[in-house]
Amino acid sequence: MRGDFLMITMDDIIREGHPTLRAVANEVPIPPTAEDVELGKEMLQFLKNSQDPVKAEELNLRGGVGLAAPQLDISKRIIAVHVPSVDPEKPENGISTVMYNPKILSHSVQEACLGEGEGCLSVDREVPGYVVRAARITVSYFDEKGEKHKIRLKNYNAIVVQHEIDHINGIMFYDHINEKNPLHLKDGVLVIE
Ligand code: NI
């Protein structure tokens, strides 16, 4: 990925240990440049391809629900998320979007984590342990047209967006795991199965 926006594949994704994953990424100009709009589209398309069994196999993609520009060695505050609703009658329960300069405005006191822990396209190993995050967040971001949005997310969608926003701040999911006791949970943490 060096400005020549061909289709993103696993070869474009940098892995843990690469310094870009630990850097705080730069804000992008709003409205986003044509190049940043194209990048966002390719990021979202990658996620869709990765969730399509035929394309994923053909392109040898690991399934993913989120991708952040720093994972492509591009230190910009751009993230893509693609979480289809599990209920076809309620497509609004899913989230599929590209966010430019996303920002968490507020979060719940209630915490949540995924029962299975988290994974990351930049981490080629299983890291056991609960990744405790806020159960609900309010996020602002700009879309590809430069329009500002403010949305509230909960549970799985909130977790995915927090994981991706962490990437633009140089944070990896396992930074949140309790080192001494990875499977210890405080009372009151919502476990999402
Ligand atoms: Ni990740």
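The numbers attached to residues start from 1 for each chain and follow its sequence in the written order. Only residues with pLDDT of at least 70 are given local features in this predicted model, and only at 80 or more are side-chain atom pairs given and counted; all residues enter the totals for whole chains, interfaces and linings. By convention in this description, side-chain values take in all heavy atoms of the structure and omit both hydrogens and water.

## Topic: the sheet that holds strand 7 (residues 148–154)
Strand order in the open sheet formed by 5 strands is 1-2-3-6-7, with antiparallel pairing between adjacent strands. What marks the edges here is a single partner per strand, and that holds for strand 1 (66–68) and strand 7. Averaged over neighbouring strand pairs, the angle between their axes works out to 40° when direction is ignored. At least two DSSP bridges between two strands are required for those strands to pair. Where helices and strands are cited, they refer to DSSP runs of H or I of at least four residues and of E of at least two residues respectively, numbered from the N terminus. Sheet topology places strand 3 (residues 95–107) next to strand 6 (residues 136–142); 5 bridges connect them, and they run antiparallel. An axis is simply a line fitted to the C-alpha atoms; with a helix, the fit covers only the stretch in contact. Between two such axes, the angle follows the N-to-C directions and lies from 0 to 180 degrees.

## Observations regarding the pairing of strand 2 (residues 78–83)
Burial here depends on accessible area, computed with a 1.4 Å probe over protein chains only, as a share of the maximum for the residue type. Under 20% is buried, over 50% is exposed, and the range in between is partly exposed. Here strand 2 lies mainly inside the structure; 6 of its 6 residues are buried. The alternating pattern of strand 2 places Ile78, Ala80 and His82 on one face and Ile79, Val81 and Val83 on the opposite face, and all of these are buried. Pairing geometry for strand 1 and strand 2, over 3 bridges, is antiparallel. The residue of strand 2 that forms the bridge with Ala68 is Ile79.

## Points about helix 3 (residues 155–167)
Along an α-helix, a turn takes 3.6 residues, which lines up residues three or four apart on a common side. Residue count minus one, scaled by 1.5 Å, sets the expected span of a helix. Look at helix 3: 19 Å from first C-alpha to last across 13 residues, which is about the 18 Å you get at 1.5 Å a residue. For helix 3, the tally of buried residues reaches 11 of 13 residues, placing the bulk of the element in the interior. Every buried residue of helix 3 is listed here: Asn157, Ala158, Ile159, Val160, Val161, Gln162, His163, Glu164, Ile165, Asp166 and His167.

## Digging into the pattern of salt bridges
When charged atoms on two side chains of opposite charge get close, those side chains can pair. A carboxyl oxygen of Asp or Glu within 4 Å of a side-chain nitrogen of Lys or Arg is what we treat as a salt bridge. Throughout the structure, instances matching the rule amount to 9 salt bridges. Across the pair Asp175 and Arg22 runs a salt bridge whose closest N-O atoms are separated by 2.7 Å. Taken as a pair, Asp175 in the loop between helix 3 and strand 8 (190–192) and Arg22 in the segment before helix 1 (34–51) lie far apart in primary sequence, 153 residues in all. With a shortest N-O distance of 3.9 Å, Arg62 and Asp124 are connected by a salt bridge. Here Arg62 is found in the loop between helix 2 (53–59) and strand 1, whereas its partner Asp124 is found in the loop between strand 4 (111–114) and strand 5 (133–134), with 62 residues between them in sequence. What makes Arg62 partly exposed here is its relative accessible area of 34%. Since its relative accessible area comes to 54%, Asp124 is described here as exposed.

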